[in-house]
Amino acid sequence: MTTIQPPPPLTSAQSSRPSHPPPPYGEVVLPCLNEAEALPWVLSRIPDGWRALVVDNGSSDGSDEIARAYGALVVHEPRRGFGSACHAGLRAATAELIGFCDCDATLDPTALPSVAAAVRDGTADLVLARRRPVARGAFPLHARAGNRALSTMVRRRTGVRLHDLGPMRVTRRQPMLDLALTDRRSGYPLQTVVRAADAGWRILETEVDYLPRAGRSKVTGTWRGTWHAVRDMRAVLR
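Residues numbered from 1 in each chain as written. Predicted model: local features only at pLDDT ≥ 70, side-chain atom pairs only at ≥ 80, totals over all residues. Heavy atoms only, no water.

1. Section: the environment of Ala 111
Rules: The helix count covers DSSP runs of H or I at least four residues long, the strand count covers runs of E at least two residues long, and both are numbered beginning at the N terminus. Throughout this description, buried means an accessible area under 20% of the type-specific maximum (1.4 Å probe, protein chains only), exposed means over 50%, and partly exposed covers the range between. Residue contacts follow a heavy-atom distance rule, with two residues in contact if any of their heavy atoms lie within 4.5 Å.
Within the element layout of this structure, Ala 111 appears in the loop between β4 (97-100) and α5 (112-120). Residue classification places Ala 111 among the buried residues on the basis of a relative accessible area of 17%. Remark: the alpha-carbon pair of Ala 111 and Pro 47, spanning 64 residues in sequence, is separated by 8.3 Å. Not counting residues within four places of it along the chain, the set of residues in contact with Ala 111 comprises Met 168 and Val 208.

2. Quick word on the packing of aromatic side chains
Inclusion rule: Each Phe, Tyr or Trp ring, with Trp reduced to its six-membered ring, pairs with another whose centre is within 6.5 Å; inter-plane angles below 30 degrees give stacked pairs, above 60 give edge-to-face pairs, and intermediate values give tilted ones. Ring-over charges, as used throughout, are those where CZ of Arg or NZ of Lys falls within 6 Å of the ring centre and within 35 degrees of the ring normal.
Under the definition given, this model contains 1 aromatic pair. Ring centres of Tyr 25 and Trp 50 lie 5.3 Å apart, and the angle between their planes is 85 degrees; this geometry places the pair in the edge-to-face category. Note that Tyr 25 is positioned in the loop between α1 (12-15) and β1 (26-32) and Trp 50 in strand β2 (residues 50-56), a separation of 25 residues in sequence. Judged by its relative accessible area of 26%, Tyr 25 falls in the partly exposed class. Residue classification places Trp 50 among the buried positions, given a relative accessible area of 7%. Above the ring of Tyr 210, the side-chain terminus of Arg 131 is found at 5.2 Å from the ring centroid.

3. Here we look at the environment of Ala 129
Looking at where Ala 129 falls in the secondary structure, it is placed in strand β5 (residues 126-133). The spacing of Ala 129 and Glu 207 is 78 residues in sequence and 4.9 Å in space, taken between C-alpha atoms. Each residue touching Ala 129, except ones within four places of it in the same chain, is listed here: Val 115, Asp 164, Gly 166, Pro 167, Met 168, Thr 206 and Val 208.

4. Considerations on the sheet that holds strand β6 (residues 168-172)
Let me state the cut-off plainly: Pairing between two strands is assigned when DSSP locates at least 2 bridges connecting them. Axis geometry follows a simple rule: fit a line to the C-alpha atoms, using only the stretch in contact for helices, then measure angles between N-to-C directions, giving values from 0 to 180 degrees.
Taken in spatial order, the 7 strands of this open sheet run β3-β2-β1-β4-β6-β5-β7, and their pairing is mixed. Of all strands in the sheet, those with a lone pairing partner are β3 (73-76) and β7 (203-210), marking the two edges. Averaged over all adjacent pairs, the angle separating strand axes in this sheet is 25 degrees, with direction ignored. Strand direction decides the pairing type here: β5 and β6, joined by 4 bridges, are antiparallel. Bridge pairing in β6 links Leu 126 to Thr 171. The strands touched by helix α4 (residues 82-92) within the sheet are β1, β2, β3 and β4, with β1 carrying the most contacts at an inclination of about 155 degrees. Across the sheet, α5 touches β1, β2, β4, β5, β6 and β7, and the angle it forms with β6 is around 35 degrees.

Below is the structure:
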């Protein structure tokens, strides 16, 4: 008969280890409105140490179920608006580092660690990733024109020289909460930059590849959508 020996007693170091997994290195907020086509690719590319936080903003295509199946934390935000979704994700996050990324497959989440590097090592407070199109049609002419106009307005208003408002961005959660952002529409990213600049944050810009999106864009896919986004953002600068 085999005798089963009891496990050795825990050392002091072992006994102090938590019984639950450590918090993620960072969390990435993914505002979501009917992105069932793109979510599998996006969520399969979340880097190690990061947790995906999908904020469902009223999807009717089962996006929330797909997100859960891929291990994402899902937050439901019934108030429509890009800013509403982003802020709901910010409030739900618990990690120190917080990233934001469109979940339409135009941006590769594997770039998050490199975008986050300057925030993590303390040389920047906010890093914005300038979009670098890698395929024809990825960044339509009207979207580029609107983005260029907004970048110029930001420079005039804040003195911060940017080429893009950076849909992929990384900062620290609590300082961003302290900015007390109020915009709940398309102006949320711009208000982040303006209030961060006013608060004396160190804002840096890097680059990431920009891919053709999966499905039709709700904003930059049309001149009308782009105009509405620019209108929302211009209101932030008044």
